[in-house]
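Single-letter residue listing:
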Amino acid sequence: MALAPRLLLIDDDSRLAAMVGDYLRGAGFTVDVAATLAAGRERLHEGTYDALLLDLMLPDGDGLDLTRELRADARTRRLPLLMLTARGEPLDRIVGLELGADDYLGKPFEPREL
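Residues numbered from 1 in each chain as written. Predicted model: local features only at pLDDT ≥ 70, side-chain atom pairs only at ≥ 80, totals over all residues. Heavy atoms only, no water.

Novice: Quick question: what am I supposed to make of the overall build of the chain here?
Specialist: Assigned secondary structure in the chain consists of 4 helices and 7 strands. Of the regular secondary structure in the chain, the N- to C-terminal order runs β-α-β-α-β-β-β-α-β-α-β. Taken over the C-alpha trace, the chain has a radius of gyration of 13 Å; the compact-globule value for 114 residues is 13 Å, and the two agree within 12%. By principal-axis analysis of the C-alpha atoms, the chain measures approximately 40 × 35 × 25 Å. Split into buried and exposed, the 114 residues of the chain put 39% on the buried side. Restricting to contacts in the chain with at least 6 residues of sequence separation, those with at least 24 account for 60%. Total accessible area on the chain stands at roughly 6500 Å², and carbon and sulfur atoms take up 53% of it. (Helix = DSSP H or I, 4+ residues; strand = E, 2+ residues; numbered from the N terminus. Rg over C-alpha atoms; globule rule 2.2 N^0.38 Å. Buried < 20%, exposed > 50% of the residue type's maximum accessible area, 1.4 Å probe, protein only. Contact = heavy atoms within 4.5 Å. Areas by Shrake-Rupley, 256 points an atom, 1.4 Å probe, with all protein chains shown as cover.)

Novice: Is there a simple way to explain the side chain of Asp55 in this structure?
Specialist: Among the structural elements, Asp55 can be located in the loop between strand S3 (51–54) and strand S4 (57–58). A distance of 3.4 Å separates a polar atom in the side chain of Asp55 from a polar atom in the side chain of Lys107. Once residues within four sequence positions are removed from consideration, Asp55 is found in contact with Ile10, Asp11, Asp12, Gly63, Leu84, Thr85 and Lys107. (Polar contact = N/O pair within 3.5 Å; in protein donor to acceptor, adjacent residues only side chain to side chain.)

Novice: I would appreciate a short explanation of the packing of helix H2 (residues 37–46) against helix H3 (residues 63–72) in the present structure.
Specialist: Relative orientation and spacing of two packed helices are given, respectively, by the angle between their axes and the distance between those axes. Two numbers describe how H2 lies on H3: the axes approach to 11 Å, and their chain directions differ by 20 degrees. Between H2 and H3, the angle is such that the two are roughly parallel. The handedness of the crossing between H2 and H3 is right-handed. Residues Leu37, Arg41 and Leu44 of H2 pack against Gly63, Leu66, Glu69 and Leu70 of H3. Along the lines of polarity and charge, the residues of the contact of H2 with H3 split into 4 nonpolar, 1 polar and 2 charged. (Axes fitted to C-alpha atoms, helices over the stretch in contact; angles between N-to-C directions. Parallel < 35°, antiparallel > 145°, perpendicular 65-115°, else oblique. Left-handed = near helix turned anticlockwise from the far one by under 90°. Nonpolar A, V, L, I, M, F, W, Y, C, P; charged D, E, K, R; others polar.)

The following block contains the structure:
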């Protein structure tokens, strides 16, 4: 039996994180949640993930900084990364994608879109 793809969601909105986690678990994914960049970095250091869903505005920093770090590190350079954020302006999307995000989804969003 194949293992479920393992995702890390870094988002400080506990209500949204619970909803996204439940939805993705129902779709067959294993989902770990971190509410801060520090906790997300720790989980990335400790484990292996198939993809990362990353909010940009977090209490301890900017997800763009983490994106830069991940893309500079050979171990995480190819980790699929979806930015999931309230920053929905076209310039925000362009910057996120240029820094190495594989996709960018603005909040609010439809679960099926995710």
